Amino acid sequence: MPEVLENQTVRQVARISVGGNTVRVVLSNAFGAKPLTIGAGSVGIAGKDGDVYQATLKPLTWGGKSSVVVPPGAPILSDPVALPAEALSEISVSIFLPKKTALSSVHWDGVQTAYISGPGNFTNDATFKADSTLKSRLFLSDIWVDAAPESQAIVFGDSITDGNCSTPDANNRWPDLVAKRLQETARKVAVVNEAFSGNRVLTDGMGVNALARFDSDILSHPKVSTVVVMMGINDIGWPGENAITPDDKEPTAEDIITGYKQLIDRAHAHGIRIVGATLTPFADTFKGLPTEGYYTPEKEKIRVAVNEWIRTGGGFDGVIDFDKVMEDPAKPGYLRDDYDCGDNLHPNDAGYKAMADAVDLDLLLGSAK
């Protein structure tokens, strides 16, 4: 990833879940140390290889103006744009960065191609000539759709929810596949994937810990009815004798459970249901690599204890037992070979589909305790 962009256009694609007739785009300067200047922007229905269907291409404005400056630490919400979009449509968002811009607010594991131009503003071009591409999201935080009034939103945890190892540009993350199932059953439910690779419940690392970001990334979304928490494996795996965070203290199962209880209490205080997902098998994760200390038999005991509490502790409003779905029945503690992308931790496309198929859709709907 380049450190800075200047006088360049970035075009990115994201799939929405529910449809509508109007969209708004949220850009974020959450981690920027300086103001972020957006010289121009556009939105439209995505075609192939960075192109946009010409008839749908619309300029973005902010307070009626075609450019905007976003303060450090802040998001910016565009004006509404008339753009009829069906459920599961792929939306293209383009932004022009006229000034030297540090790529600070980035979702690195986007599993989706971002197209970067040479010099110039190409936000209004239906056909996009890219000088380079990335698989990360740059400054693009949200796409809002004026869904039907009765629509609900479900927010999902870490790299496994982020779709690490899934096929890029294919929308094969397990939340993507759950969104598709919901639309196929005519449920007016949006799925918002608020996961990022490396996330931990208790400690910062590759991003902000879950307890710290719960308000901004979960509770801030309109119409949230349910949040699904699948997080904790990085709390267990990162510390200790490996090349990631060797000096971090290993949490106990009780430490992670206490973190869950905090998330549960905060969700319930806002009338939001919270569903716990068990942590999937990780035996021999990164074996043979400098990071192979991510897994040890002692860490496996912590995972087992955490999963036992998720299943039987009674804190969550519901449970999705992904561990049971993904575990090799012949080798307890191991990911099934046919679901393993090759690192003994992350699923492949088949594994993500198995996870999505295991979700009881009715479990995602209802009321909090």
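The text that follows walks through the structure, step by step, so that each part is easy to find. (Residues numbered from 1 in each chain as written. Predicted model: local features only at pLDDT ≥ 70, side-chain atom pairs only at ≥ 80, totals over all residues. Heavy atoms only, no water.)

## Structural notes on the overall build of the chain
Summing up its helical and strand segments, the chain has eight helices and 23 strands in all. The globule rule puts the C-alpha radius of gyration for 369 residues at 21 Å, and the 21 Å found for the chain is close to it. Every one of the 369 residues in the chain was classed for burial, and the buried ones make up 54%. Total accessible area on the chain is roughly 15,500 Å²; 52% of this is exposed by carbon and sulfur atoms. (Helix = DSSP H or I, 4+ residues; strand = E, 2+ residues; numbered from the N terminus. Rg over C-alpha atoms; globule rule 2.2 N^0.38 Å. Buried < 20%, exposed > 50% of the residue type's maximum accessible area, 1.4 Å probe, protein only. Areas by Shrake-Rupley, 256 points an atom, 1.4 Å probe, with all protein chains shown as cover.)

## A short note on the pairing of strand 23 (residues 331-335)
Strand direction decides the pairing type here: strand 22 (residues 327-328) and strand 23, joined by two bridges, are antiparallel. Note that in strand 23 the partner of Asp 328 across the bridge is Lys 331. Between the antiparallel neighbours strand 22 and strand 23 lie two residues. (Pairing = 2+ DSSP bridges.)

## Remarks on the environment of Pro 75
Locating Pro 75 in the fold gives a position in strand 8 (residues 75-77). Judged by relative accessible area, Pro 75 falls into the exposed class, the value being 52%.

## As for a nonpolar patch on the surface
There is a patch of nonpolar side chains on the surface, built from Met 1, Trp 108 and Met 206 and spanning about 320 Å² of accessible area. Among the structural elements, Met 1 can be located in the segment before strand 1 (4-5). (Patch = residues over 30% accessible without salt bridge, like charges linked within 9 Å, V, L, I, M, F, W, Y side chains within 5 Å. Salt bridge = Lys/Arg side-chain N within 4 Å of Asp/Glu carboxyl O.)

## Here we look at the pattern of salt bridges
Under the criterion given, the structure shown has twelve salt bridges. Note that Asp 362 and Arg 187 form a salt bridge whose closest N and O atoms lie 2.7 Å from each other. Of the two residues, Asp 362 is situated in the segment after helix 8 (349-357) and Arg 187 in the loop between helix 2 (174-184) and strand 18 (189-192); the sequence distance between them amounts to 175 residues. Its relative accessible area of 48% is what places Asp 362 among the partly exposed residues. Where Arg 213 meets Asp 217, a salt bridge forms, and the shortest distance between an N and an O atom there is 3.0 Å. Within this pair, Arg 213 and its partner Asp 217 are both found in helix 3 (residues 210-219), separated by four residues, close to a single helical turn. Residue Arg 213 is classed as buried on the basis of its relative accessible area of 7%. Sharing partners across several salt bridges, the network here consists of Glu 300, Arg 303, Arg 311, Asp 321 and Asp 323.

## With respect to unusual backbone geometry
Here the phi dihedral of Leu 88 falls at roughly 65°; this positive angle occurs in a residue that is not glycine. On the secondary structure map, Leu 88 appears in the loop between strand 9 (81-85) and strand 10 (90-97). Of note, Asn 171 is a non-glycine position whose phi angle comes to about 55°, a positive value. Relative to the elements of secondary structure, Asn 171 occurs in the loop between helix 1 (159-162) and helix 2. The class of Asn 171 is buried, set by a relative accessible area of 9%.

## Details of the packing of helix 2 against helix 8
When two helices pack together, their arrangement is given by the angle between their axes and by how far apart the axes lie. It is at 8 Å that the axes of helix 2 and helix 8 come closest, and there the two elements cross at 45°. Here helix 2 lies oblique to helix 8, going by the angle between them. In terms of crossing hand, the pair formed by helix 2 and helix 8 is right-handed. Contacts between helix 2 and helix 8 involve Trp 174, Leu 177, Val 178 and Arg 181 from the first element and Tyr 352, Lys 353, Met 355, Ala 356 and Asp 357 from the second. Classifying every residue of the contact of helix 2 with helix 8 gives six nonpolar, no polar and three charged. (Axes fitted to C-alpha atoms, helices over the stretch in contact; angles between N-to-C directions. Parallel < 35°, antiparallel > 145°, perpendicular 65-115°, else oblique. Left-handed = near helix turned anticlockwise from the far one by under 90°. Contact = heavy atoms within 4.5 Å. Nonpolar A, V, L, I, M, F, W, Y, C, P; charged D, E, K, R; others polar.)

## Concerning the packing of aromatic side chains
Considering all chains together, one arrives at eight aromatic pairs under this definition. Here Phe 286 and Tyr 294 contribute two aromatic rings whose centre-to-centre distance is 5.3 Å and whose plane-to-plane angle is 75°, an arrangement assigned as edge-to-face. For the pair Phe 286 and Tyr 294, one class covers both residues: buried. Taken together, the aromatic side chains of Phe 282, Phe 286, Tyr 294 and Tyr 295 make up a single cluster linked through ring pairs. One Lys or Arg, Lys 331, reaches over the ring of Tyr 334 and ends 4.7 Å from the middle of that ring. Of note, Arg 336 hangs over the ring of Tyr 339, and the distance from its end group to the ring centre comes to 4.2 Å. (Phe/Tyr/Trp six-rings, centres within 6.5 Å; stacked < 30°, edge-to-face > 60°. Lys NZ or Arg CZ within 6 Å of the ring centre and 35° of its normal.)

## So, the sheet that holds strand 6 (residues 58-59)
The sheet built from six strands is open, its strands ordered 6-5-10-2-13-14 with antiparallel pairing. Pairing within the sheet leaves two strands with one partner each, and these edge strands are strand 6 and strand 14 (132-134). Summarising the sheet, strand 5 (residues 40-45) and strand 10 pair through six bridges and their orientation is antiparallel. If you follow Ile 45 over to strand 10, its bridge partner there is Ile 91.

## Notes on helix 8
Those residues of helix 8 lying buried are Gly 351, Tyr 352, Ala 354, Met 355 and Ala 356. On its buried face, helix 8 is in contact with helix 1, helix 2 and helix 7 (322-326). Looking at where helix 8 begins, the residue whose side-chain oxygen comes 3.2 Å from the main-chain nitrogen of Ala 350 is Asn 348. (Polar contact = N/O pair within 3.5 Å; in protein donor to acceptor, adjacent residues only side chain to side chain.)

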